[in-house]
Amino acid sequence: MPPPPEDVGLDKERELALLREAMVKIFGADGAVRGAGFQVQPDVVVTAAHVWTTGGQVATIGGAEVVVRQAWTFAERKAKKGFPPWPDLAILHVEPTAAIPLRLAESSHGVGEGLRVAGFPTTAGSHGLSILPTSIVALDGDEGEYERLMTVRLQGGFSGGPVIDPRLAAVVAVEVATKDPQQDHGGFAVSVEHLRARWPAALDAPALASADDQTTWREAYPRRVLSQAGQGPQITGEGAQRRVVFPLGANDPGFVERPALVEELTDAGQTGVIRALGGSGGVGKSELALWWAHQRRAAGDRVVWWIDATDAVTTNTGIAALADALGLPPAPTAEETAAALNGTLAGLEGRWLVVFDNADDLTHLTGLIPAAGNGTTLITTRSTAAADLDCVEVEVGEFTAEEAVAYLTATTEQADADAAERIAAALCRLPLALAQAAAYIDARGVTLAGYADLVEHDLDRAMTGKAARHQRTIDSLWDHILPHLDDTAVQLVARAAVTHPRNIPVELLATDADGLDDVRAAVLRAARYRLLTYTPGPTGPTAVAIHQLTQHAIAHGETAIDIEAATSAVIARLANLLATLDVELPSHWTQFELLDPHAIHLQPRLLATDEGLNVLAGLAIARRSSGRTADAIALQETIVEAREQGFGVDAMETLTARAELAVSYWSASRFDEAIPLEEDVLAAYERMSGDDDPATLTVRDNLAASYSSVGRLDEATALQEAVVAARERTFGDDDLTTLTAR
């Protein structure tokens, strides 16, 4: 396994100096080093419980002994499979010191690579502070409370030390168990979430990592890179000098630059224009856009950003992410976010590029496209209505005969140009089809001539219309590939065929029968035939993507694939994954956003069942909690309509949906819509459940807040007084809900 990336702008001398002050060396009674610890407040030290409880008596910070006032340790379960008790954490209340403490991140979610772990190795009697690069990956099952440290081998003396993300200038996990140096990973860590959950009430809660008040630590990490699973955008500089670059993937290894298209794209590349790469599916629009983005990144554009514009959800999410990367505050709607973004881009001195990929429904882009300033917007689309955007169009078609032959002979490393030309002709010179053909030839070890015989036989039929020919071509290639896939891989691609085609978490494709390891292995087998592509992680693929033509071939082909079972499996998995998340935790919002497009892709099916409606309702609340109020309202209005049709206007399920919609109206300051809806719902609750029912009290309190927001204070006060009286009757004077109501 290659070492993790260290190029995150480290000032290693500064980092070492700061850690020497904040790091704690813990000794036993015999004078031997037991492990490490670190300050998170002037009077609080964090370490591993087994370091402290196995004879730890003396702690030093920067070489000076400190007094430990009190210690809290947590060992609620016995060790399993050699693991320390869970969670293996100790928190020490010490006499205050003058060291600058490390800060704790809010969570370790989205953290993967490019990390740092510090400790005092005991090898050869060395007790000096050592800092090593590492990466982490979460574990499953009984070991799921831990995260495995990868790409590093630690010795004793590291236990209790911090796992630091330089991109956040904060601690994301605590090293708790070092392994034998002969093993292929460094040990295990407990995430910062577990530490925060066990924080003693007697101590002030530790502060979150904040770039604004972390000036000293930022000096050690001057080029911070914000990251999601180690794959996030690179953000360098501050303020007006900020440079934002999306993590662009690599082009296909056999990518053909196609000089005529590149020349046309370059000629249209003057700043201040919108350009659209048009053409039917599979012709390589996204590959060309990716190549162009890499050129602009290499040229030093201030902003290079990629947005999946498949639908409104992914489009709005991508725009919000760019606004956040540029330091803009959240806005209530996507249109307001886009307006603020447009103003920021217009004011940039350097060039910028924003790509809207896969925008086949151009209505999603209305009012969202940045068009001002010293930059360019590039759209890839199958729509024929691109001219309505007042843009420069570049039509992307099939490869030329020469390009197709060059691609096949280069990628297969076979020099049979005549056979390559036969294959290209049979496959309409469609780049996607040629990529799958080359992958098949490589996987099966056949010759170009042998494959030419195969596809000429299967595709010797008349087809009219370019799009129809392209789809039928991919359908036939799927028929070729299917017999060579095992059942697990077939079921995997079937499940991928019913999801949103981009950024599909591998976890979403797992089932009770096919665990994560099985799915990751199946992804690699399917990717060998170019049925899908994947994003690599420390332990295998983390997310996959599948072309829409391939999805159609799998989901609507004539082969005996049980698509209904695949759809049911994905919906069940989606519900299970969402059930583990909490809409109130900001650390979970990214996971909600990751699953959101796949739920919307399956929305027609989800709207038809109670379980599915509950899934959508949870997503809607997550949207509202994370500030995407307009998106929440759009989804909740659909849910209310489905509940009314399926259960009736006065059903409890419908009333709950209407009450949540009213809360979102209130959050969006749409009081004219919130108040009549809340009045309606309150009357129904009072009629059906009584005045003192908890649901009735919640809606009454919400209505009071709405009245207050529009200045109807007398009515608000009357409702709140009624809520207080009801809570006193129901829960008593000293109950927390009563005190909150008062």
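Residues numbered from 1 in each chain as written. Predicted model: local features only at pLDDT ≥ 70, side-chain atom pairs only at ≥ 80, totals over all residues. Heavy atoms only, no water.

A. Molecular detail of the overall build of the protein chain. Scanning the protein chain from terminus to terminus reveals 26 helices and 23 strands. Out of the 742 residues belonging to the protein chain, those deemed buried represent 51%. Within the protein chain, residue pairs in contact and separated by at least 24 positions form 66% of the contacts whose partners lie at least 6 positions apart. Accessible surface, the protein chain: about 31100 Å² in total, of which carbon and sulfur atoms supply 50%. (Helix = DSSP H or I, 4+ residues; strand = E, 2+ residues; numbered from the N terminus. Buried < 20%, exposed > 50% of the residue type's maximum accessible area, 1.4 Å probe, protein only. Contact = heavy atoms within 4.5 Å. Areas by Shrake-Rupley, 256 points an atom, 1.4 Å probe, with all protein chains shown as cover.)

B. Expanded view of the packing of aromatic side chains. Across all of its chains, the model carries five aromatic pairs by this definition. Seen from their ring centres, tryptophan 291 and tryptophan 292 are 6.4 Å apart, and the 40 degrees between their planes marks the pair as tilted. On the basis of relative accessible area, tryptophan 292 is assigned to the buried category, the value being 6%. An aromatic cluster is present here, built from Tyr440, Tyr451 and Tyr529 joined pairwise through their rings. Above the face of the tryptophan 292 ring, arginine 296 is positioned so that its terminal group lies 6.0 Å from the ring centre. (Phe/Tyr/Trp six-rings, centres within 6.5 Å; stacked < 30°, edge-to-face > 60°. Lys NZ or Arg CZ within 6 Å of the ring centre and 35° of its normal.)

C. Spatial organisation of the sheet that holds strand 3 (residues 44-47). If you trace the seven strands from one edge of the open sheet to the other, you get 5-4-1-2-3-7-6, paired in antiparallel fashion. This sheet does not close on itself; its edge strands, each paired only once, are strand 5 (64-66) and strand 6 (68-74). Neighbouring strand axes in the sheet, compared pairwise and without regard to direction, differ in orientation by 30 degrees on average. Packed on one face of the sheet, helix 1 (residues 12-22) meets strand 1 (23-27), strand 2 (33-41) and strand 4 (58-61) and runs near 45 degrees to strand 1. (Pairing = 2+ DSSP bridges. Axes fitted to C-alpha atoms, helices over the stretch in contact; angles between N-to-C directions.)

D. Region of the structure containing the confidence of the model for the protein chain. Chain-level pLDDT for the protein chain is 79 on average; 82% of the residues reach the 70-or-more range. Predicted confidence for residues 139-143 stays below pLDDT 50, and this span has ten contacts to residues more than four positions away or in other chains. This stretch, residues 460-464, has a pLDDT under 50; its non-local contacts, to residues over four places away or in other chains, come to five contacts. (pLDDT = per-residue confidence, 0-100.)

E. Region of the structure containing the pairing of strand 17 (residues 303-308). Counting buried positions along strand 17 yields six of six residues, so the element is predominantly enclosed. Burial along strand 17 is two-sided: Val303, Trp305 and Ile307 and Val304, Trp306 and Asp308, pointing in opposite directions, are all buried. In the sheet, strand 15 (residues 243-245) pairs with strand 17 via two bridges, with the strands oriented parallel. Considered in strand 17, the bridge of valine 244 is made with valine 303.

F. Main features of helix 23 (residues 671-689). With 19 residues, helix 23 extends 25 Å from end C-alpha to end C-alpha; this agrees with the ideal 27 Å at 1.5 Å per step. One or two steps after helix 23, the chain reaches glycine 690, where phi turns positive at roughly 95 degrees. (Expected span 1.5 Å × (residues − 1).)

G. Spotlight on the packing of helix 17 (residues 563-579) against helix 18 (residues 589-601). Where helix 17 meets helix 18, the closest approach of the two axes is 11 Å, and the angle between their N-to-C directions is 155 degrees. The angle between helix 17 and helix 18 falls in the class roughly antiparallel. Viewed along their axes, helix 17 and helix 18 form a crossing whose handedness is left-handed. Between helix 17 and helix 18, the residues in contact are Leu574, Leu577 and Leu578 and Phe592, Leu595 and Ala599, respectively. Residue composition of the contact of helix 17 with helix 18, by class: six nonpolar, no polar and no charged. (Parallel < 35°, antiparallel > 145°, perpendicular 65-115°, else oblique. Left-handed = near helix turned anticlockwise from the far one by under 90°. Nonpolar A, V, L, I, M, F, W, Y, C, P; charged D, E, K, R; others polar.)

H. A negative patch on the surface, seen in detail. Taken together, the side chains of Glu402, Asp416, Asp418 and Glu421 present a region of like negative charge at the surface. Position of glutamate 402 relative to the elements: it lies in helix 9 (residues 401-412). According to the relative accessible area criterion, glutamate 402 is exposed, its value standing at 59%. (Patch = residues over 30% accessible without salt bridge, like charges linked within 9 Å, V, L, I, M, F, W, Y side chains within 5 Å. Salt bridge = Lys/Arg side-chain N within 4 Å of Asp/Glu carboxyl O. Lys, Arg positive; Asp, Glu negative; His and termini not counted. Charge placed at Lys NZ, Arg CZ, Asp CG, Glu CD.)

I. Structural detail: the layout of surface pockets. A volume near 310 Å³ is recorded for the second largest pocket. What lines the second largest pocket is a set of 17 residues, among which Ala312, Asn316, Arg623, Asp631 and Ala634 lie closest to the centre. Top element by residues in the lining of the second largest pocket is helix 21 (residues 629-647). It accounts for five residues. Grouping the constituent residues of the lining of the second largest pocket by class yields eight nonpolar, six polar and three charged. (1 Å grid on protein atoms, 1.4 Å probe; cavity = no way out; pocket = protein on both sides within 12 Å on 5 of 7 lines; lining within 4 Å. Points joined across faces, edges and corners; volume = space filled by probe spheres on them.)

J. Representation of the packing of helix 20 (residues 610-625) against helix 21. The geometry of helix 20 relative to helix 21 is characterised by a closest axis approach of 8 Å and an angle of 155 degrees between their N-to-C directions. Looking at the two axes, helix 20 sits roughly antiparallel to helix 21. By crossing handedness, the relation of helix 20 to helix 21 is classed as left-handed. Contacts from Asp610, Leu613, Asn614, Leu616, Ala617, Leu619, Ala620, Ile621, Arg623 and Arg624 of helix 20 reach helix 21 at Thr629, Asp631, Ala632, Leu635, Gln636, Ile639, Ala642, Arg643 and Phe647.

K. Molecular detail of empty space enclosed by the protein. Within this structure, the stated rule accounts for two cavities of 30 Å³ or more. Reported here for the second largest cavity is a volume of approximately 40 Å³. Along its surface, the second largest cavity is lined by Trp589, Phe592, Glu593, Asp596, Leu619, Ala622, Arg623, Ser626 and Arg628. When contributions to the lining of the second largest cavity are tallied by element, the ones reaching two or more residues are helix 18 and helix 20. Looking at the lining of the second largest cavity element by element, the count peaks at four residues for helix 18. A per-class count over the lining of the second largest cavity returns four nonpolar, one polar and four charged.

L. Representation of the pattern of salt bridges in the model. One pass over the full model with this rule turns up 22 salt bridges. In this structure, aspartate 610 engages arginine 643 in a salt bridge whose closest nitrogen and oxygen atoms are separated by 2.6 Å. Placement of the pair is aspartate 610 in helix 20 and arginine 643 in helix 21, with a sequence separation of 33 residues. The exposure class assigned to aspartate 610 is partly exposed, which follows from its relative accessible area of 37%. Note on arginine 643: relative accessible area 5%, which makes it buried. Residues glutamate 715 and arginine 712 are paired through a salt bridge, measuring 2.8 Å at the closest nitrogen-oxygen approach. For arginine 712, a relative accessible area of 30% gives the class partly exposed.

M. Just the nonpolar core, in detail. Ile423, Leu427, Tyr451, Trp478 and Leu532 are the most contacted members of the largest nonpolar core, which has 129 residues in total. Considering every element that reaches this core, the biggest residue donor is helix 11 (residues 431-444), with nine residues. Membership of the second largest hydrophobic core comes to 43 residues, among which are Val45, Leu89, Ile131 and Val174. (Core = buried A, V, L, I, M, F, W, Y, C linked by side-chain atoms within 4.5 Å.)

N. Region of interest: unusual backbone geometry. At asparagine 358, a position not held by glycine, the phi torsion is positive, near 65 degrees. Within the secondary structure, asparagine 358 sits in the loop between strand 18 (352-357) and strand 19 (375-381). Here asparagine 358 falls in the buried class, since its relative accessible area comes to 11%. Backbone geometry at arginine 530 places phi at a positive 60 degrees, although glycine is not the residue there.

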